[in-house]
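Below, each chain spelled out in residue letters.
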Amino acid sequence: MATNTPQRGQSTPITAIRSTLLSRTAPSIPPASQLYEPLVKGVLRHRQLKIFLHSALFCWALVSLWMTWSSGGIFGTGAKEALFLPFKLSTLAFTAATFVVGALPVVVLRKAHLVAAPSPATSPSKILTGALQKRSTSHAFLTYLASSLSLLLLHILITGAYDSTAPANARLTLFVKSRKHPYYLNGYLIYVLLSQVVIASACLLRCVLLDRFAIRWGPALSAQNGDKLQSFGLARVATVGITTLVYTSLVTVAHLTTFAFIRSVALPLLFQVPFVHLVLRPFTAHFLRGAWTVTLLTRHWSLISRAFYLALTTVGIWEFAESAFDAIVAEPIAVAQQTADPGLALVSGVTSNDAYLKHFAYAELREFSSDGSTAASARRTALFTDQKYNPSMWSALARASLLTLGHDYQLLLRRGKPAPPASAAADTQAKPAVPLPAPATPLIRTKVYKPAQTSPLHAALDTFASDGPLAAAVSETAEAGASHIPELFRSVMPTSPQATAGAAAGSVKKAEENVAALVKQTKGKWREGASDALGALLPQGVVRTAGQVKAWWTRERVHRVAETSLPNRYMDALAVEVLCRLTCASLAEDSYGVVQRDIPKIIEALLSFLTALEEYQAELNAACALPPPDKLAALSPKEVADKEMLAMEATRAAEVLGVVSDAVKDGIVQVVRTFGDKLAAFRFPPHIAKKLQGFVDYN
């Protein structure tokens, strides 16, 4: 009989029900390296061409003056020839060469080693010591030296091509024109060559002491209401001219002193060294004829003036290029309007790791937050109510700004000193063992299987090769006996290898510290002995002057300590203004109250920063204030001068602190006036509430 039973062969596969619901995660804000930084770098490349153009025009003017002077001046060549001389092909060729070897290397050097914050040094000696440890200093010296020598070569070429009336020695050839002594070096060339080397070294020293690799933000970012820093060409040329003339005159005097010392002291001493005079005599024997007197300056005045004008040209080219660089690279940049979402671009910019580019983002955000147009209000509303990104744009902006302010707040509390290292004891402290709720079953650490039978020969070899029962018993007895030895005698017992290694490392470190202390003490004794010997030999006036110079060189400047404590003060002021202005704008433009949730954190951070600034200012007033007139009259003139200098430095330090403190006060006043009684809805710590109440009562 047939039955209708189902077939149990292949069955229909089970599949999941497809759904149109997808789990999508909100994207994060694009990093600054992808959105904001390429736009700013494009503008900076355009501004670099502007620096090149200004420097090239300055080089063209200097080359035209040099060629006109070498040709005999306006009266020697004629007015018409002098008028068309700057536009000749040879003049333009020398201008291009002067720009390439004079201005271009300095601009490239400044761009390669540009920093946003000054060096953390508080005295000239510390500035120089820190600069000598940087690679940028060696690069700068090689750049200045190569540029100065290249400009000297161009000067020789211009003189040989246009100054037909110049004597043979004035043409700066390598050897003098002499049949009897054809290898005598040209003293004119050596003098001018040494002048250019001294100029390069002096400009490097000035660059290091002025910390010219750091950007001067003050005039550029302090503009309010859309005012931009304008670079006036005529004012810059006048400033560069005065600075170049004064500095070149001082360096020329130093060069004459150095050359006189080499000519009258160093070179005769070298001729007294055995075998050295045999090498020097064929080239420099004629330099020893006659004594070094002041009349040599009058007899070779044409050489001194030529070297001075060449040094003046060299310093002028460098100074103009660097001043143009300082003025142009600090001008604010507006690039957010070129993007589809300006708020997103600016928020991405404040998260940049480059402090230089972050300055531009905050400067543009300040204008973004204070713009009163309808379009700007709509963009701020989009920033406040953003839900497309995780975290939102306002959260990312507030977090980045508060982190920046918090980092600089901690640096201010340490007075510019680096953060102390974390204690090793806290890191290596073992966590306490948590007791088990029930006694654990002991593990069986012996063999659970019956060992295989071994041959008598193998057992005998194992007995000789390992600790047998007797050795094990002796070891256990020794350990048990060591536990009963008094603590007084345990110090002479051998320890474990780890303890021995730790003790050895500690002893080595202690020995290194002792050697370093001994070397430092020996250097101090030698230095003290040398200064005592020189003090006994030199006149008292020279010794007193040397002591004053040493004190000036090593003394910490009060305003430099303040600058080291607030290296990013201009960016901090911009961040404060941005937070306060956006907070005020959120009262009318933030429909969801996103910003209001962060108001307590923002006000607490700002008032804490302000409290630290006021405490620092109180310390300066207590330590550096001038004494009353009656006490000031009882002091010596030197002590009065020191007190006045200290008070002047304290005033400059107050200006440094005022950059951030004024921004915080103005921002808190804006928030208080905007919110008014609505601030009572927020809770603050007692000391913050007391500080905030003072602003409320004042307004």
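Residues numbered from 1 in each chain as written. Predicted model: local features only at pLDDT ≥ 70, side-chain atom pairs only at ≥ 80, totals over all residues. Heavy atoms only, no water.

Examining the overall build of the protein
Note the threshold: Secondary structure counts use DSSP, requiring at least four H or I residues in a row for a helix and at least two E residues in a row for a strand, with both numbered from the N terminus. Exposure classes here rest on a 1.4 Å probe applied to the protein chains alone. A residue is buried below 20% of its type maximum, exposed above 50%, and partly exposed in between. Contacts are assigned to residue pairs with any non-hydrogen atoms lying within 4.5 Å of each other. The protein chains shown are the only cover counted for residues, whose accessible areas, like all others here, come from Shrake-Rupley with a 1.4 Å probe.
The helix and strand inventory of the protein stands at 28 helices and zero strands. Within the span of the protein, comprising 699 residues, buried residues form 36% of the whole. A fraction of 81% describes how many contacts in the protein between residues 6 or more apart in sequence connect residues 24 or more apart. Working note: accessible area of the protein is about 42,900 Å², and carbon and sulfur atoms make up 64% of it.

Examining the state of the cysteines
Put simply, the test is: Pairs of cysteine sulfur atoms within 2.5 Å are identified as disulfides in what follows.
The final tally for this structure, using the stated rule, is zero disulfides. Cysteine cysteine 207 shares no disulfide, and the gap to the nearest cysteine sulfur, in cysteine 203, comes to 9.1 Å. For cysteine 207, a relative accessible area of 2% puts it in the buried group. Cysteine cysteine 580 is unpaired, with the sulfur of cysteine 584 as its nearest cysteine sulfur at 6.7 Å. Taking the relative accessible area as the measure of exposure, cysteine 580 reaches 1% and is therefore buried.

Here we look at the confidence of the model for the protein
Heads up, the condition is: pLDDT runs from 0 to 100 and stands for how confident the predictor is about each residue.
Looking at the protein as a whole, its pLDDT mean stands at 80, while 75% of the residues score no less than 70. For the stretch residues 424–428, pLDDT sits under 50, and the model shows one contact to residues farther than four places along the chain or on other chains. Here residues 469–479 is a poorly scored stretch, pLDDT under 50, and it has zero contacts once near neighbours within four places are set aside; other chains count.

What about the pattern of salt bridges?
Quick reminder of the rule: Put simply, a salt bridge is a Lys or Arg side-chain nitrogen that is within 4 Å of an Asp or Glu carboxyl oxygen.
All told, the structure shown has 17 salt bridges when counted by the stated rule. A salt bridge links arginine 366 to glutamate 367; its shortest N-O distance comes to 3.7 Å. Among the residues examined, arginine 366 registers a relative accessible area of 3% and is labelled buried. Since its relative accessible area comes to 29%, glutamate 367 is described here as partly exposed. Of the charged contacts, one joins arginine 415 and glutamate 619 as a salt bridge, the two residues approaching to 3.2 Å between their closest N and O atoms. Taken together, the residues span a long stretch of sequence, with arginine 415 in the loop between α16 (393–413) and α17 (424–428) and glutamate 619 in helix α25 (residues 599–624) at a distance of 204 residues. What makes arginine 415 partly exposed here is its relative accessible area of 22%. Using a relative accessible area of 45% as the deciding quantity, one classes glutamate 619 as partly exposed. Each of Arg110, Arg206, Arg212, Glu319, Glu322 and Asp326 takes part in salt bridges that share partners, so that together they form one network.

Concerning the packing of helix α23 (residues 558–565) against α25
Just so we agree on the cut-off: Axis angles are defined between N-to-C directions and span 0 to 180 degrees, where every axis is a line fitted to C-alpha atoms and, for a helix, only to the segment in contact. Reported orientations rely on four angle classes, namely roughly parallel under 35 degrees, roughly antiparallel over 145, roughly perpendicular from 65 to 115, and oblique for the rest. Put simply, Ala, Val, Leu, Ile, Met, Phe, Trp, Tyr, Cys and Pro go in the nonpolar bin, Asp, Glu, Lys and Arg in the charged bin, and everything else, Gly too, in the polar bin.
Running from N to C, α23 and α25 point in directions that differ by 170°, and their axes come no closer than 12 Å. Comparing the axis directions of α23 and α25 gives the class roughly antiparallel. Residues Val558, Val561, Ala562 and Ser565 of α23 lie in contact with α25, whose contacting residues are Tyr616, Leu620 and Cys624. Residue composition of the contact of α23 with α25, grouped by class: six nonpolar, one polar and no charged.

Considerations on the packing of aromatic side chains
The condition that has to hold: Only Phe, Tyr and Trp rings are paired, with Trp represented by its six-membered ring, and only when their centres lie within 6.5 Å; those with planes under 30 degrees apart are stacked, over 60 edge-to-face, the remainder tilted. Charge-over-ring contacts are defined here by two conditions on Lys NZ or Arg CZ: a distance within 6 Å of the ring centre and an angle within 35 degrees of the ring normal.
A full pass over the atoms with the stated rule returns 12 aromatic pairs. Ring geometry for phenylalanine 384 and tryptophan 394: centres 6.0 Å apart, planes at 80°, overall edge-to-face. Here the residue phenylalanine 384 occupies a position in helix α15 (residues 374–384), and tryptophan 394 occupies one in helix α16, the gap between them amounting to 10 residues. Each member of the pair, phenylalanine 384 together with tryptophan 394, is buried. Within the aromatic cluster, the residues linked to one another by ring pairs are Trp217, Tyr356 and Phe360. Here the guanidinium or amino end of arginine 415 rests over the ring plane of tyrosine 616, the centre of that ring lying 4.2 Å away.

A closer look at the environment of phenylalanine 384
Since its relative accessible area comes to 1%, phenylalanine 384 is described here as buried. Separated by 206 residues in the primary sequence, phenylalanine 384 and aspartate 590 place their C-alpha atoms 5.8 Å from one another.

A short note on a nonpolar patch on the surface
Worth spelling out the cut-off: The patch calculation keeps residues exceeding 30% relative accessible area without a salt bridge and links them within 9 Å when they carry like charges or within 5 Å when they are nonpolar (Val, Leu, Ile, Met, Phe, Trp, Tyr).
A contiguous nonpolar patch, built from Phe261, Ile262, Val265 and Leu269 and spanning about 360 Å² of accessible area, is present on the exposed surface. Assignment of secondary structure puts phenylalanine 261 in helix α9 (residues 233–271).

Digging into the side chain of serine 55
Secondary-structure assignment places serine 55 in helix α1 (residues 37–70). For serine 55, a relative accessible area of 2% gives the class buried. When residues no more than four places from it in sequence are discounted, the contact partners of serine 55 are Phe99, Ala103, Phe320 and Ala321.

With respect to the packing of helix α14 (residues 355–370) against α15
Two elements in contact, α14 and α15, have axes separated by 8 Å at closest approach and are oriented at 110°. It follows that α14 is roughly perpendicular to α15 by the angle criterion. Contacts between α14 and α15 pair Phe368, Ser369 and Ser370 from the former with Arg379, Arg380 and Leu383 from the latter. Its residues placed into classes, the contact of α14 with α15 shows two nonpolar, two polar and two charged.

A look at helix α12 (residues 301–328)
Our working rule: Working rule for helices: expected span equals 1.5 Å times residues minus one.
With 28 residues, α12 extends 40 Å between its outermost C-alpha atoms, agreeing within 8% with the 40 Å of an ideal straight helix rising 1.5 Å per residue. Buried residues dominate α12, accounting for 23 of its 28 residues.

Description of the nonpolar core
Operational definition: Definition used in this section: a nonpolar core is a set of buried Ala, Val, Leu, Ile, Met, Phe, Trp, Tyr and Cys residues joined via side-chain atoms within 4.5 Å.
Ranked by size, the top nonpolar core spans 124 residues in total, and within it Tyr356 and Trp394 carry the most contacts. Those residues within four positions of tryptophan 394 in sequence are excluded, and the remaining contacts are Leu383, Phe384, Leu579, Leu582, Thr583, Val594, Val595, Asp598 and Ile602. With 11 residues, the next largest nonpolar core counts Tyr188, Leu303, Ile304 and Leu310 among its residues.

A short note on the environment of arginine 414
Under the convention used in this document: Here a polar contact is recorded for every N or O atom pair within 3.5 Å, except that within protein the pair must consist of a potential hydrogen donor and a potential acceptor, and residues adjacent in sequence are included only if both atoms are side-chain atoms.
You can see arginine 414 is positioned in the loop between α16 and α17. Taking relative accessible area as the criterion, arginine 414 reaches 26% and is therefore assigned partly exposed. Arginine 414 sits 151 residues away from serine 565 along the chain, and the two C-alpha atoms are 7.5 Å apart. Setting aside residues no more than four positions away along its own chain, arginine 414 makes contact with Ala419 and Pro420. At 2.9 Å, the side chain of arginine 414 and the backbone oxygen of lysine 417 are in polar contact.

As for the environment of leucine 412
By the element assignment, leucine 412 lies in helix α16. Dropping the residues within four chain positions of it, leucine 412 is found in contact with Ser565, Leu566, Phe609, Ala612, Leu613 and Tyr616.

What about unusual backbone geometry?
Cis geometry is found at the peptide bond from asparagine 390 to proline 391, where omega equals 0°. With respect to the helices and strands, proline 391 occurs in the loop between α15 and α16. The backbone of aspartate 211 shows a phi angle near 55°, a positive value even though the residue is not glycine. Along the chain, aspartate 211 turns up in the loop between α7 (187–210) and α8 (218–221). We classify aspartate 211 as buried; its relative accessible area is 12%. Unusually for a residue other than glycine, arginine 415 sits at a positive phi of about 60°.

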